[in-house]
Protein chains: 2
Amino acid sequence: MAPGHRSLGGGCAPVFRLLLSAWALCLAFVTQPAVAEDGYDLWLRYQPLAAEQRAPYTPATAQLVMPTPSQTLAVARDELLRGLNGLLSRTPASVEQVSTAGAILVGTPRSNPQIAQLQLGLQVLSPGGYVIRRRNVGGHSTLVVAANDDVGVLYGVFHFLRLLQTQQPLQAFDVSESSRIQLRMLNHWDNLDRTVERGYSGESLWDWHKLPDYLDPRYTDYARANASLGINATVLTNVNANALVLTPTYVHKAAALAEVFRPYGIRVFLTARFSAPVEIGGLKTADPADPAVQQWWKDKAAEIYKIIPDFGGLLVKANSEGQPGPQDYGRTHADGANMLADAVKPFGGIVIWRAFVYSHEQPDDRAKQAYDEFVPFDGKFRENVLVQVKNGAIDFQPREPFHPLFGAMPKTPLAMEFQITKEYLGFATHLVYLGTFWEEVLRADTYRPRKGSTVAKILDGSAHNYARTAIAGVANIGSDRNWSGSHFDQANWYAFGRLAWNPMLSSKAIAEEWVRMTFSNDPKFVERTVAIMMKSHEAVVDYMTPLGLHHLMGRGHHYGPGPWVEGGPRADWTSVYFHRADENGIGFGRTKTGSNAVAQYAPPVAAEFGDVKRVPEKFLLWFHHLPWDHRTRSGRILWDELVYRYTRGVETVREMGAEWQSLTPCIDAERHAQVAAFLKIQKDEAKWWRDASIAYFQTFSKRPVPAGFAPPEHSLDYYKSLEFPYTPGHY
Amino acid sequence: MAPGHRSLGGGCAPVFRLLLSAWALCLAFVTQPAVAEDGYDLWLRYQPLAAEQRAPYTPATAQLVMPTPSQTLAVARDELLRGLNGLLSRTPASVEQVSTAGAILVGTPRSNPQIAQLQLGLQVLSPGGYVIRRRNVGGHSTLVVAANDDVGVLYGVFHFLRLLQTQQPLQAFDVSESSRIQLRMLNHWDNLDRTVERGYSGESLWDWHKLPDYLDPRYTDYARANASLGINATVLTNVNANALVLTPTYVHKAAALAEVFRPYGIRVFLTARFSAPVEIGGLKTADPADPAVQQWWKDKAAEIYKIIPDFGGLLVKANSEGQPGPQDYGRTHADGANMLADAVKPFGGIVIWRAFVYSHEQPDDRAKQAYDEFVPFDGKFRENVLVQVKNGAIDFQPREPFHPLFGAMPKTPLAMEFQITKEYLGFATHLVYLGTFWEEVLRADTYRPRKGSTVAKILDGSAHNYARTAIAGVANIGSDRNWSGSHFDQANWYAFGRLAWNPMLSSKAIAEEWVRMTFSNDPKFVERTVAIMMKSHEAVVDYMTPLGLHHLMGRGHHYGPGPWVEGGPRADWTSVYFHRADENGIGFGRTKTGSNAVAQYAPPVAAEFGDVKRVPEKFLLWFHHLPWDHRTRSGRILWDELVYRYTRGVETVREMGAEWQSLTPCIDAERHAQVAAFLKIQKDEAKWWRDASIAYFQTFSKRPVPAGFAPPEHSLDYYKSLEFPYTPGHY
């Protein structure tokens, strides 16, 4: 596809300046030969620092005092030595007591007697929390990494290495960190045949056929990467579950993975197919009220815990998109979840029940359904049940307002489900940093119970005193060499982990950390790459679904634009259901005159979203059906504003590509080239989205493309004719 | 599964001696730190030689005279420098003329004027052939790598590097090499959704979704590896073909791959679905006699060649296992092949028509079918058609006698189809070196037209003066980091390529080359590892299908033993059809008193195979149905001999595992550990095959397991109850 015709603003001139100055820019900062890198090492590269960067750290890392009475402490020590060896080309002397200046003292008060004697502030830490301190120990300047538990030590070691990797001054080695959320988990939508639903990075990491006998070294590196972020749980299998994973054969395979992950503080969960008692148990029913079914699950839990003593529990998708569930037997979500909760309770297990449901009936507005189905059961779930809620009420769209359930279930711990894999955001090839979007959601104010009760405060339990807290990310990890399908998608894994640890973090600060560790500490490179990341999410929203439009992608595979999708088994699986465009206007009316979904929010939020004058323009057509000549805040009419935003999205991607080109000399050629090739694909696909969307909506608006903007390159029929039978991730 | 109870011979004692002496054995030979290696570099590792090993080569590699007026010469030069840099830590000075002792002079008479002036013996070379010589050039001792064509230079460079990698003395740098077979090709059974039929090494390498825009650097490394062996053609897609690959969208994707492969002398082929004119052409028929169908294929060929000017041609599986074909319209294989041949002929293309067919009717003996269907058409095919024949008449069984078609079609060029991927040989985890098996087939004497007309001589065209010659291997290559799923399966890719270049080579010499380049030149390591490889094929035959038994694997997925498989759509898709065991005996009678399949061979061969006294015992039950108490050559009765051989297979695998353990210090830990883990799996699965097979056949023989041999560990019902719904490669 040829590039669009219009350049917005003066974008190009600065880009050319960038290109001209690039060599001068970066050469001074390239501190080591740009060796070929393939992304396998993620943000744990530990490449040697230049001599002058190493200088401040060298005197501070002369000896190491770190007894390792546990597997977790042993892997923490290995990681510390690996990092110091890589970054500083140095292996500190291992000693039993601090005996010289420049010692590193690591452990818990139990593992390391010298730590027990220091005042480090350990008493305020939550489980897994840690401190990093500079202390005088026996007259010697010492760096201390300490925690109350072994896994906290491991997390502290990774933080310590991060300070080195990002070249923080020694004064910054003064940290006290506690996670705000107890359970920080990845959800793998991985099938037993190694396909990955909505996976864009190769096959499933889990080589079920060779498990439990062969343990791929990648399993360990996966655990290291997660532990470096504080991720402490992983659900191995798809929520569209296969009952076979609960048979002993597969539980033994899962146990082998649990064994690898255990030293890294990661517990294994599995997904439970609600009809498993029938499918693998030989029962005639899976009715949760049936004593035989209850007993079957109790026996199954006992069997699993015998094989995996620290098994985390079960994640369940029930009565949604064709999955079986308690409603098949006239029971409620609470009935189903509580039966499973009772089964795992004796072993300390939990049940995570997904709120992403929709009934067989045609809803007047699918956005309302989860709220309607779950709020009545607030307080009816067992204490070891969490309800896991997607960030928005539809389905991981490029942008959604926060889900109205957050804040609406004060007696039921709600967990967040973010999607790290980019099902609706350009698969592996589009550079879209999700940190900004997640930050937007986490900082949204639910006004429940009061102003300031952000989604983050619902999740960390502070708003409603939840006893259990959790956050989940649908993983983007596969067998691709770079794990995530693209180098920049590693940033989304990273950002998820960091926000799971502390949902109050700034997405920009996270991006900067990640860029420094993953690519380079070169200040200009960092500044410009972070800038690319920070505008990337807004760009994809612009070229796919501007102004609050949503659910406009190709049917089934979700690849590319499909605003014309209609018909089929369910209205709410089409695009026309969501955009509601006709000659008079466009948008889903969710105010009182429409579905009144706004009423599910707290009154101040409902008032804002429901008022066309006050609603943030990014959500305009999410809540309001408006005429094509509606005047937007820019002064343009709605149609013109849509064309403007579609075009702006394409233009931003073009700028991102040019800016990335300007950074060519700053990093290794192999990773730079892949990113550049993907940005070219993104540019072409952004234009495809823009052109196809404009061509389609123009059939309703019957208005010309505004002056100065290029018309779509092809006819609407052309765009509708495109077929993609073998897109990845469509299983 | 617990280990078997009986040890054959004195296997264990030497193994323990090995274990004790291992450190002493190898430490002296470990010439560089055993860094972590993951197998990605295959046999092109170019790890630094130790100083004393480098010494003889250093004075001989001081300068390089190698103009690069073509892409192929440029990649040859890159490879040479990469190799010298890695092996010798040396970059020779690039100069225009030999001007000092120790020059390397590389090129063709056209690319390099100094080469044109030397007498090198180039006139005897076939296309792609090359010489490596030591010459005095202008008074300076010089190493010359020369050919008549650029790709010959590339092949010569790889051979030159192989001499260094295997540490050959400089006297050995005197080589004249010409391939005996024109077309040396890989067949990928890769689907457009990236699954691989019978693939055990991850997904397809071809990332169709990102093609043609993104060119994974692996595509280049794939081309390098193939060119290093002389492989010059690749069929990208599965013979169970999808017509979509012939649409412009996919041809453009294939063209991007062809572009990467072109400098390496590799041409791209695609598979043609015979019904494509209907499926993607909109015609009502694919009848090869229909002029519209003929025209459709002509237009299609023109379209493909416009996009890929050096497109190789089409590979076709027709009227076999449900694939469409000319017989659907009452036409013959020749009719179908010739129509396609006429379409590609104007562009220099060829058609490769597979002889692996079976009709819808129940055959009296499937082994006879290809011969019966194809021999009548000898001489009826266009000159640009080759018929591709599997090595044996059934289907890539652990061992088969050579296919009776070889020698039987003097007027039709026959190509060999070997299977590199181990569909019936333990998938990725069993260590089975196939070089010995292929050598056995290639050296088999067809007696057609006369004694000494081995299969190799049929293939290289010398027996029947074929104008075209070809050999194909069904690839075992996928997205796994080590390409082939296991390190030792790389040896099968390697051996296939080497035998394709020269089918007269010794499989043992190939194994030794491969071990030296892939692992280590340590003499003891080489000797012992080659010994493991050389006995590995006999071992798998023993534990799966001894004495000529065949087709006894699990249904569909082909994983593990399934001698009890019966029923279903076709008798010849069952095990009982092939083993024919009953109370009276076992084996498929293919002599005159049976199906008389032996009559398809030349009379001397038929006489040998048909005579129970003369038939090689390895083919005993392939050709003869014999009573359980038949006396075998060991003196044991048939039943006891079967138990003995099953047990011997397990025992050999146990020895292989122990021997590999003894080599622990000789190579890097990562690759050693994976091989060791897989040998453990192989040992368990070998025992499973043995025990299940004995348990099953015992129900017919009604004889006890002979004294000293362990009975099966589990009941027959247990083995029959095992299910494997998600085995890899079953698509």
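Residues numbered from 1 in each chain as written. Chains lettered and ligands numbered in written order. Predicted model: local features only at pLDDT ≥ 70, side-chain atom pairs only at ≥ 80, totals over all residues. Heavy atoms only, no water.

S.K.: Got a sec to walk through the overall build of chain A? Specific residues and values, please.
M.R.: Helices and strands together make up the secondary structure of chain A, namely 22 helices and 16 strands. A globule of 731 residues ought to have a C-alpha radius of gyration of about 27 Å, and chain A, at 26 Å, matches this closely. When its C-alpha atoms are laid out on the principal axes, chain A stretches across 80 × 75 × 50 Å. For chain A, the proportion of its 731 residues judged to be buried stands at 65%. Within chain A, contacts between residues separated by at least 24 positions form 73% of all contacts whose residues are at least 6 apart in sequence. Carbon and sulfur atoms provide 52% of the accessible area of chain A, an area that totals close to 24700 Å². Counting 74 positive and 74 negative side-chain charges, chain A places the averaged centre of each group 4 Å from the other. (Helix = DSSP H or I, 4+ residues; strand = E, 2+ residues; numbered from the N terminus. Rg over C-alpha atoms; globule rule 2.2 N^0.38 Å. Buried < 20%, exposed > 50% of the residue type's maximum accessible area, 1.4 Å probe, protein only. Contact = heavy atoms within 4.5 Å. Areas by Shrake-Rupley, 256 points an atom, 1.4 Å probe, with all protein chains shown as cover. Lys, Arg positive; Asp, Glu negative; His and termini not counted. Charge placed at Lys NZ, Arg CZ, Asp CG, Glu CD.)

S.K.: How would you summarise the interface of chain B and chain A if you had to cite specific residues and measurements?
M.R.: Contacts between the two partners involve 30 residues from chain B, matched on the other side by 30 residues from chain A. Note on chain B versus chain A: buried area summed over both sides is about 2400 Å², and carbon and sulfur give 61% of it. The largest share of the area that chain B buries against chain A comes from B:His209, B:Tyr214 and B:Tyr726, three residues that together contribute 28% of it. Along the contact surface separating chain B from chain A lie two salt bridges. For the interface between chain B and chain A, the tally reads four residue pairs in polar contact (both at pLDDT 80 or more). For the side of chain B that touches chain A, the element with the most residues is helix α21 (residues 669-701) of chain B, which contributes seven residues. Tallied by class, residues from the side of chain B that touches chain A come to 15 nonpolar, six polar and nine charged. (Buried area = accessible area lost by both parts, 1.4 Å probe. Salt bridge = Lys/Arg side-chain N within 4 Å of Asp/Glu carboxyl O. Polar contact = N/O pair within 3.5 Å; in protein donor to acceptor, adjacent residues only side chain to side chain. Nonpolar A, V, L, I, M, F, W, Y, C, P; charged D, E, K, R; others polar.)

S.K.: Provide a residue-level description of the nonpolar core, including the pertinent values.
M.R.: Membership of the largest hydrophobic core comes to 235 residues, with the highest contact counts inside it found for B:Phe160, B:Phe261, B:Trp297, B:Trp493, B:Trp660 and B:Phe697. Filtering out sequence-adjacent residues up to four positions away, B:Phe160 remains in contact with B:Leu80, B:Leu84, B:Ile104, B:Ile132, B:Leu143, B:Val145 and B:Phe173. (Core = buried A, V, L, I, M, F, W, Y, C linked by side-chain atoms within 4.5 Å.)

S.K.: Tell me about the side chain of B:Ser520, residues and numbers included.
M.R.: Looking at the secondary structure, you find B:Ser520 in the loop between α15 (507-518) and α16 (523-544). A polar atom in the side chain of B:Ser520 sits 2.9 Å from the backbone nitrogen of B:Asp522.

S.K.: I'd like a rundown of the pairing of strand β13 (residues 414-419) of chain A, residues and numbers included.
M.R.: For a regular strand, side chains alternate in direction, first toward one face of the sheet and then toward the other. All names here are of chain A. When you tally the buried positions in β13, you get six out of six residues, the bulk of the element. Here β13 shows no split at all, with Leu414, Met416 and Phe418 on one side and Ala415, Glu417 and Gln419 on the other all buried. Both strand β12 (residues 385-390) and β13 contribute to a ladder of four bridges, which runs parallel. Bridging across to β13, Lys390 finds its partner in Glu417. Bridge count between β13 and strand β14 (residues 470-474): four bridges; the pairing is parallel. (Pairing = 2+ DSSP bridges.)

S.K.: I'd like a rundown of the packing of helix α7 (residues 248-261) of chain B against helix α9 (residues 291-307) of chain B, residues and numbers included.
M.R.: If you want to describe how two helices pack, look at the angle between their axes and the distance between the axes. Residue and element names in this part refer to chain B. Close contact between α7 and α9 brings their axes to 9 Å; oriented N to C, the two are set at 35°. Judged by the sense of rotation from one axis to the other, the crossing of α7 with α9 is right-handed. Residues Pro248, Val251, His252 and Ala255 of α7 touch α9, and the partners they reach there are Lys300, Glu303, Ile304 and Ile307. The residue inventory of the contact of α7 with α9, partitioned by class, reads five nonpolar, one polar and two charged. (Axes fitted to C-alpha atoms, helices over the stretch in contact; angles between N-to-C directions. Left-handed = near helix turned anticlockwise from the far one by under 90°.)

Functional significance is not addressed by these values, which are geometric in nature.
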